[in-house]
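The primary structure of each chain is shown beneath.
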Amino acid sequence: MKVNLLYPEIYEIEDFVTVEQQEKVLAYCANLKDSDWVSNDAYVSDFFKDKVVNQNKLDAFNEIDKKIETLVNDCFILHPINLIRHLENDFMHPHTDDHKDNEQANERKTYSRYGIVVYYNDDYQGGEITYPNLGIVHKPKARSLLIHSGKHLHGTTKVIGNLPRYCSTTFFIGNKDHHPALNESVFGHVPEDTEYQYY
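Residues numbered from 1 in each chain as written. Predicted model: local features only at pLDDT ≥ 70, side-chain atom pairs only at ≥ 80, totals over all residues. Heavy atoms only, no water.

Trainee: Is there a simple way to think about the overall build of the protein chain in this case?
Mentor: When its secondary structure is counted, the protein chain shows four helices and 14 strands. Residues classed as buried in the protein chain amount to 50% of the 199 residues present. Summarising the internal contacts of the protein chain: among those between residues at least 6 apart in sequence, 77% fall at separations of at least 24. Within the structure as shown, the protein chain displays about 10,200 Å² of accessible surface, and the carbon and sulfur contribution to it stands at 49%. (Helix = DSSP H or I, 4+ residues; strand = E, 2+ residues; numbered from the N terminus. Buried < 20%, exposed > 50% of the residue type's maximum accessible area, 1.4 Å probe, protein only. Contact = heavy atoms within 4.5 Å. Areas by Shrake-Rupley, 256 points an atom, 1.4 Å probe, with all protein chains shown as cover.)

Trainee: Sorry, what's going on with helix 2 (residues 59-69) here?
Mentor: Because an α-helix completes one turn every 3.6 residues, residues spaced three or four positions apart along the sequence face the same direction. Inspection of helix 2 places Ala60, Phe61, Ile64, Asp65 and Ile68 among the buried residues, and these make up the whole buried set. All buried residues of helix 2 fall inside an arc of 140° around its axis, so they share one side. Facing away from the buried side of helix 2 by more than 90 degrees, the exposed set consists of Asp59 and Lys66. Looking at the buried positions of helix 2, the neighbouring elements they touch are helix 1 (19-31), strand 4 (72-73), strand 5 (83-86), strand 6 (111-119), strand 10 (145-149) and strand 13 (165-174). (Arc of directions from axis to C-beta.)

Trainee: Honestly, the side chain of lysine 51 in this entry has me stumped. Any pointers?
Mentor: Along the chain, lysine 51 turns up in the loop between helix 1 and strand 3 (52-53). Of the buried charged residues, lysine 51 lacks a salt bridge, with aspartate 90 as the closest side chain of opposite charge at 4.1 Å. Ignoring anything within four residues of it in the chain, the contact list for lysine 51 reads Trp37, Leu83, Ile84, Arg85, His86 and Asp90. (Lys, Arg positive; Asp, Glu negative; His and termini not counted. Salt bridge = Lys/Arg side-chain N within 4 Å of Asp/Glu carboxyl O.)

Trainee: For this particular structure, what's the right way to read the nonpolar core?
Mentor: Buried together is how nonpolar side chains tend to be arranged in soluble globular proteins. Core analysis: the biggest nonpolar cluster contains 30 residues, and Ile68, Leu83, Tyr120, Leu145, Ile147 and Phe172 have the highest contact counts within it. Within the residue set of this core, elements represented by two or more residues are strand 2 (10-14), helix 1, helix 2, strand 6, strand 10 and strand 13. In terms of residues, this core owes the most to one element, helix 2, which gives four residues. Aside from chain neighbours lying at most four places away, what touches isoleucine 68 is Phe16, Leu78, Ile81, Ile116, Val118, Leu145, Thr170 and Phe172. (Core = buried A, V, L, I, M, F, W, Y, C linked by side-chain atoms within 4.5 Å.)

Trainee: Would you mind showing me how to read the environment of lysine 2 here?
Mentor: Along the chain, the position of lysine 2 falls in strand 1 (residues 2-7). Since its relative accessible area comes to 49%, lysine 2 is described here as partly exposed. A C-alpha to C-alpha distance of 8.1 Å links lysine 2 and glutamate 12, two positions ten residues apart in sequence. With residues near it in sequence (within four places) discarded, lysine 2 still touches Glu12, Ile13 and Glu14.

Trainee: What is the right way to read helix 1 from this model?
Mentor: Over its 13 residues, helix 1 extends 19 Å from the first C-alpha to the last, a length consistent with the 18 Å expected when each residue adds 1.5 Å. Taken residue by residue, helix 1 has Gln21, Gln22, Val25, Tyr28 and Cys29 as its buried positions. The arc that holds every buried residue of helix 1, seen down its axis, measures 130°, which confines them to one face. In helix 1, the exposed residues that point more than 90 degrees away from the buried face are Glu20, Glu23, Ala30 and Asn31. At its buried positions, helix 1 is contacted by strand 3, helix 2, strand 5 and strand 13. (Expected span 1.5 Å × (residues − 1).)

This is the structure in structure tokens:
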């Protein structure tokens, strides 16, 4: 794995997903019907409506989940990764991942310290991740993982053409007793953000 620092608390890890895992995930995607991309999770935001599969019964997803777990210490919640498909003209508006306005997060008094995106392909056009406040527009390589602070404003550009963009997301979630910290053996020393308001 090669770790690239794009900006403080924005990292890209190349070759995070193996070629074998990538092939299994893309084959799985190819066999899904359009009706499979409708989430029944009441908390799914409009970003993900008709674009996400939450329950993925494939060993490759479990393997990727376990590898993601090694990237963080003292995480209160780490949900299994989902699976997202963006088709032509799909995009995500700029937003943050800290979940300050998230009903479920407020109920359980948690916050999202880091957002994670796993990329399975890069043959699509458009679909770059953008950090508008930082002037960053980036297209991660296939099989990469991208991790950023929950406070970084980000979104994506529209997908152009008929090749879908496939990725997965999850979050390192903390609470007043558990403050997620990145694994120093992977990322080096990352200073704790003391401006986070812990419940």
